[in-house]
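Notes for the structure review
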Amino acid sequence: GLGSINIPVYVHVIYSNSQENISDAQIQSQIDILNADFNLTNNDASLTPAEFTDVLADADINFTLAGVTRKASSRTEWGTRDEMKFASNGGVDVVTPESALNIWVCNIGGGILGYAQFPGGDPSTDGVVVGPQFFGDTGYLSAPFDKGRTTTHEVGHYLNLRHIWGDGRCKQDDFVADTPSSDGPNYGCPSYPTVNCRSNDMTMNYMDYVNDECMYMFSEGQKARMRALFAAGGARESI
Ligand code: ARG
Ligand code: ZN
Ligand code: CA
């Protein structure tokens, strides 16, 4: 296999008040959570139901903080049209998207926690966007999305993962064989088993919509889909 994959991370904090100008400690807490979740060192992985332990995956992907940009702005909501990704629009330009993950931390608005660009898109908008109060697990936070899993979920998309229900009904695939079929997102903290489409949902997967403390796993199929991006000729590269 490829061995460990290493991804430098640039964090761009764009703030309209001092709370949104999150601390270095809050930023580092999110890097630590990414490393735990993508290396199966998250403590809550032990909660995985027996039915799914054989597909519980250590993706073996490492994240290193490469730089932090801070920018004050009078804008209080940024939406989902990538304006925060351009200095010409009052945002911050992307840094080396060929090899680095860019994360813009700014208030999106509209109740949106975060959003991501899938691999293969325009390099100038490559990366993920997360609201400051959903980033990391120390500092300015909003429960129940205060354990850093919004960024884990969005980095899943950045690494080509779909939502586990495939954004459609039972027959709509997420292109991952070992995530059971489902017909829609789960919310809150579902009890096990939650049955849809004649199988138990993997509600605890990072690519569902449950609360941060109730999502704690990627599957082996998801791991393979993510890591395939880093093979020769793939859409992303490791350093
Ligand atoms: N893009 C999704 C949203 O903004 C992110 C959901 C993340 N879920 C979570 N439990 N943190 O709705
Ligand atoms: Zn999503
Ligand atoms: Ca599936």
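Residues numbered from 1 in each chain as written. Chains lettered and ligands numbered in written order. Predicted model: local features only at pLDDT ≥ 70, side-chain atom pairs only at ≥ 80, totals over all residues. Heavy atoms only, no water.

What follows concerns the overall build of the protein. If you tally the helices and strands in the protein, you get four helices and seven strands. Over its C-alpha trace the protein gives a radius of gyration of 17 Å, about what one expects of a compact globule, namely 18 Å for 239 residues. Structurally, the protein occupies a C-alpha span of about 50 × 40 × 30 Å along its principal axes. Put simply, 66% of the contacts in the protein that link residues at least 6 apart link residues at least 24 apart. In the protein, which carries 15 positive and 30 negative side-chain charges, the distance between the mean positions of the two groups comes to 5 Å. (Helix = DSSP H or I, 4+ residues; strand = E, 2+ residues; numbered from the N terminus. Rg over C-alpha atoms; globule rule 2.2 N^0.38 Å. Contact = heavy atoms within 4.5 Å. Lys, Arg positive; Asp, Glu negative; His and termini not counted. Charge placed at Lys NZ, Arg CZ, Asp CG, Glu CD.)

Let's shift gears to the coordination of the zinc ion (ligand 2). The zinc ion (ligand 2) binds to the protein through His 153 (NE2), His 157 (NE2) and His 163 (NE2), with metal-donor distances spanning 2.0 to 2.1 Å. Counting gaps between the donor residues of the zinc ion (ligand 2) yields the pattern H-x3-H-x5-H. (Donors = N, O, S within 2.8 Å, 3.2 Å for Na, K, Ca; no water.)

Those residues of helix H4 (residues 220–228) that sit buried are Gln 222, Arg 225, Met 226 and Arg 227. Looking at the buried side of H4, the elements it contacts are strand E1 (5–15) and strand E2 (61–72). (Buried < 20%, exposed > 50% of the residue type's maximum accessible area, 1.4 Å probe, protein only.)

Counted under the stated rule, the structure contains two disulfides. For Cys 170, the disulfide goes to Cys 197, at an S-S distance of 2.0 Å. Taking the sign of the torsion about the S-S bond as the criterion, the disulfide between Cys 170 and Cys 197, at about -85 degrees, is left-handed. Taken together, the residues Cys 170 in the loop between helix H3 (149–158) and strand E6 (195–196) and Cys 197 in the loop between E6 and strand E7 (199–200) connect sequence positions 27 residues apart. Taking relative accessible area as the criterion, Cys 197 reaches 22% and is therefore assigned partly exposed. (Disulfide = S-S within 2.5 Å.)

All right, on to the sheet that holds E2 then. Strand order in the open sheet formed by five strands is E2-E1-E3-E5-E4, and the pairing between neighbours is mixed. Bordering the open sheet on either side are E2 and strand E4 (114–116), each of which pairs with just one other strand. Each adjacent strand pair in this sheet contributes to an overall mean axis angle of 15 degrees, direction not counted. One ladder, built from 11 bridges, connects E1 with E2; its direction is parallel. Across the sheet, residue Val 13 finds its bridge partner in E2, namely Arg 70. (Pairing = 2+ DSSP bridges. Axes fitted to C-alpha atoms, helices over the stretch in contact; angles between N-to-C directions.)

Attention now moves to the nonpolar core. Core analysis: the biggest nonpolar cluster contains 42 residues, and Phe 38, Phe 63, Leu 101 and Leu 159 have the highest contact counts within it. Looking at this core, the elements that each hand over two or more residues are E1, helix H1 (24–37), E2, strand E3 (101–105), strand E5 (128–130) and H3. No other element matches E1, which puts five residues into this core. Once you skip the residues sitting within four places of it in the chain, Leu 101 turns out to touch Ile 7, Pro 8, Val 9, Tyr 10, Phe 63, Gly 127, Val 128, Val 155 and Tyr 158. Membership of the second largest hydrophobic core comes to nine residues, among which are Cys 106, Ile 108, Tyr 115 and Val 129. (Core = buried A, V, L, I, M, F, W, Y, C linked by side-chain atoms within 4.5 Å.)

Once that is clear, we can look at the coordination of the calcium ion (ligand 3). Tetrahedral metal sites with four donors have an ideal angle of 109.5 degrees; octahedral sites with six donors have ideal angles of 90 or 180 degrees. Distances from the calcium ion (ligand 3) to its protein donors, Asp 174 (OD), Val 176 (O), Thr 179 (O) and Thr 179 (OG1), fall within 2.3 to 2.6 Å. Looking at Val 176, the relative accessible area reads 5%, which means it is buried.

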